[in-house]
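# Fold and contact review
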There are 2 protein chains.
Amino acid sequence: MRIGELSERTRTSPRSLRYYEQQGLLTSDREHNGYRDYGANAVATVQTIRSLIEIGLPTALVKEVLPCTVGEKSEAACPELLARIAALREDVRSRAERLKDVETALGSYLEANSR
Amino acid sequence: MRIGELSERTRTSPRSLRYYEQQGLLTSDREHNGYRDYGANAVATVQTIRSLIEIGLPTALVKEVLPCTVGEKSEAACPELLARIAALREDVRSRAERLKDVETALGSYLEANSR
DNA sequence: CTTGACCTTGACGTTGATGTCAGACTTTAC
DNA sequence: GTAAAGTCTGACATCAACGTCAAGGTCAAG
């Protein structure tokens, strides 16, 4: 599919799609005319990318965790990468925990102020 | 306390402290010479602000939830504000959930690739 | 009274994830 | 064939949350 179709199906601007590609998060073939040509899995990939970015991960981190989310066994699972991923996971866990705390605080506030 | 002391005690740059004040997140009195004068509670306030920003909330949202985190009953708990806070809470909950998902995905990846 | 540390405001620089626009080519519809 | 719509690259614009620097006021120490 071309960039316009992918853009519609993921509700993501062509500009962002090109940016993701430039950052190495997304790949595409090229038609004879130079137009980008995406496979069907691109839709899922873009949705994952957007989720990760939306929760606050910078593209550099997204690039690292992206291969992990497809759930395949990687060939080059060197210990360094595993350690990096583990640290990332801890970072994410910490963020989630603090968000949970904020949610709880907001909940308490709501309860205390709903009569 | 002056801005230098608050800066040290919160490990936050004076620039950021002034920025928070400009955004309406932080208040200060002024000494006769124009120097900012912070109360003791400013330390806790700044730490809360930094936590919220660090987990990805923009200052505009921080400004809204900040009064809720001090846990006092607000006088002006109009229904609109409560609805706004409830929506915020839902947003935060959603973010936390997706972060949890990412953490789980990373955990699965680590488990699958640790021998 | 001067030096140095601290404070002030104001302005410009930076980074990440885009928006937007220009200029050119391709494809599609008529 | 011509116009409209889609795509390309490249460049400049934006926004938040700062960093950094300039020019000047304040104050304790020598």
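Here the structure is a predicted model, which is why all the values come from computation and not from measurement.

Time to look at the layout of surface pockets. All names here are of chain B. In this structure, the largest pocket occupies an estimated 310 Å³ of space. Residue lining of the largest pocket: 15 residues in total, with Leu 25, Leu 26, Thr 27, Asn 41 and Thr 45 positioned closest to the centre. Those elements giving two or more residues to the lining of the largest pocket turn out to be α3 (41-54) and α4 (59-69).

Residues and elements named next belong to chain A. At a minimum axis distance of 10 Å, the contact between helix α1 (residues 3-10) and helix α3 (residues 42-54) shows a crossing angle of 50 degrees. What the angle tells us is that α1 and α3 run oblique. Of the two elements, α1 crosses α3, and the hand of that crossing is right-handed. Here Leu 6, Arg 9 and Thr 10 of α1 come into contact with α3, specifically with Ala 42, Val 43, Val 46, Gln 47 and Arg 50. For the contact of α1 with α3, the residue count by class is 4 nonpolar, 2 polar and 2 charged.

The next point concerns the interface of chain A and chain B. Contacts between the two partners involve 29 residues from chain A, matched on the other side by 30 residues from chain B. Between chain A and chain B, a total of about 3,300 Å² is buried, with carbon and sulfur atoms accounting for 74% of that surface. On inspection of chain A and its partner chain B, the count reaches 4 salt bridges. Note that Glu 54 of chain A is salt-bridged to Arg 98 of chain B, the shortest N-O span being 2.9 Å. Our count for the contact surface shared by chain A and chain B stands at 2 residue pairs in polar contact (both at pLDDT 80 or more). If you list the elements that add at least two residues to the side of chain A that touches chain B, you get α3, α4 (59-69) and α5 (79-113) of chain A.

This brings us to the protein's contact with DNA strand C. Taken together, 21 residues surround DNA strand C, and among them Ser 13, Ser 16, Tyr 20 and His 32 of chain A together with Arg 36 of chain B come closest. Looking at DNA strand C alone, sugar and phosphate atoms form 74% of those within 4 Å of the protein. In this structure, a phosphate oxygen belonging to DNA strand C sits 2.6 Å away from a side-chain N or O atom of His 32 of chain A. Between DNA strand C and the protein, one listed contact pairs a phosphate oxygen with a side-chain N or O atom of Asn 33 of chain A at 3.1 Å. Of all the secondary-structure elements, those providing two or more residues to the surface near DNA strand C are α2 (14-22) of chain A together with α1 (3-10) and α2 (14-22) of chain B. For the surface near DNA strand C, the element with the highest residue contribution is α2 of chain A, accounting for 4 residues. Tallied by class, the residues present in the surface near DNA strand C amount to 7 nonpolar, 7 polar and 7 charged.

The environment of DNA strand D is made up of 20 residues, and the closest members are Tyr 35 and Arg 36 of chain A together with Ser 13, Ser 16 and His 32 of chain B. The sugar-phosphate portion of DNA strand D accounts for 66% of its atoms within 4 Å of the protein, the bases making up the rest. The side chain of Tyr 19 of chain B places a nitrogen or oxygen atom 3.1 Å from a phosphate oxygen of DNA strand D. Note that a phosphate oxygen of DNA strand D is positioned 2.5 Å from one of the side-chain N or O atoms of His 32 of chain B. Mapped onto the surface near DNA strand D, the elements with two or more residues apiece are α1 and α2 of chain A together with α2 of chain B. Element by element, the count of residues in the surface near DNA strand D is highest for α2 of chain B, at 4 residues. Within the surface near DNA strand D, the residues separate by chemical class into 7 nonpolar, 7 polar and 6 charged.

This part takes up the domain arrangement of chain A. Residues and elements named next belong to chain A. Taken domain by domain, chain A comprises domain 1 (1-71) and domain 2 (73-115). Centre-to-centre, using C-alpha coordinates, domain 1 lies 24 Å away from domain 2. Opposite the 8 residues of domain 1 that make contact, domain 2 presents 7 residues. Between domain 1 and domain 2, the buried area comes to about 560 Å², and carbon and sulfur atoms account for 62% of it. Considering only the surface of domain 1 that becomes buried against domain 2, Leu 57, Leu 61 and Glu 64 emerge as the three largest contributors, covering 61% of it. Here domain 1 is connected to domain 2 by 0 salt bridges. The interface formed by domain 1 and domain 2 contains 0 residue pairs in polar contact (both at pLDDT 80 or more).

Conventions used here
- Per chain, residue numbering runs from 1 following the sequence as it is written.
- As they are written, the chains are lettered A onward and the ligands numbered 1 onward, keeping that order.
- Totals for whole chains, interfaces and linings use all residues, but because this is a predicted model, local features are given only for residues with pLDDT of at least 70 and pairs of side-chain atoms are given and counted only at 80 or more.
- Calculation of side-chain values draws on the structure's entire complement of heavy atoms; hydrogens and water are dropped beforehand.
- Cavity means a closed set of points on a 1 Å grid over the protein atoms alone, one where a 1.4 Å probe fits but cannot get out, pocket means an open set with protein on both sides within 12 Å along at least 5 of 7 lines, and lining means a residue has an atom within 4 Å of a point.
- Grid points are joined across faces, edges and corners, and a volume is the space filled by probe spheres set on the points.
- Runs of E in the DSSP output that reach at least two residues are strands. Runs of H or I that reach at least four are helices, and both are numbered from the N terminus.
- To get an axis, a line is fitted to the C-alpha atoms, and for a helix only the part in contact is used. The angle between two axes follows their N-to-C directions and goes from 0 to 180 degrees.
- Oblique is the label for any angle not covered by the other classes, which are roughly parallel (under 35 degrees), roughly antiparallel (over 145) and roughly perpendicular (65 to 115).
- For any pair of crossing helices, the crossing counts as left-handed if the nearer helix is rotated counterclockwise from the farther one by less than a right angle, and right-handed if it is rotated clockwise.
- Contacts are assigned to residue pairs with any non-hydrogen atoms lying within 4.5 Å of each other.
- Any residue outside Ala, Val, Leu, Ile, Met, Phe, Trp, Tyr, Cys, Pro, Asp, Glu, Lys and Arg is labelled polar, Gly included; the first ten of those are nonpolar and the last four are charged.
- Two parts placed together each lose some accessible area; with a 1.4 Å probe, that loss summed over both constitutes the buried area.
- Here, a salt bridge means any side-chain nitrogen of Lys or Arg that lies within 4 Å of a carboxyl oxygen of Asp or Glu.
- Whenever a nitrogen or oxygen atom comes within 3.5 Å of another N or O atom, the pair is scored as a polar contact, on the condition that within protein one atom can donate a hydrogen and the other can accept it, and that pairs from neighbouring residues in sequence are kept only if both atoms are in side chains.
- Definition of nearness: a residue and a molecule or strand are near each other if at least one heavy atom of the residue lies within 4 Å of the molecule or strand.
- These domain limits were set by an automatic method or by a database of domain assignments.

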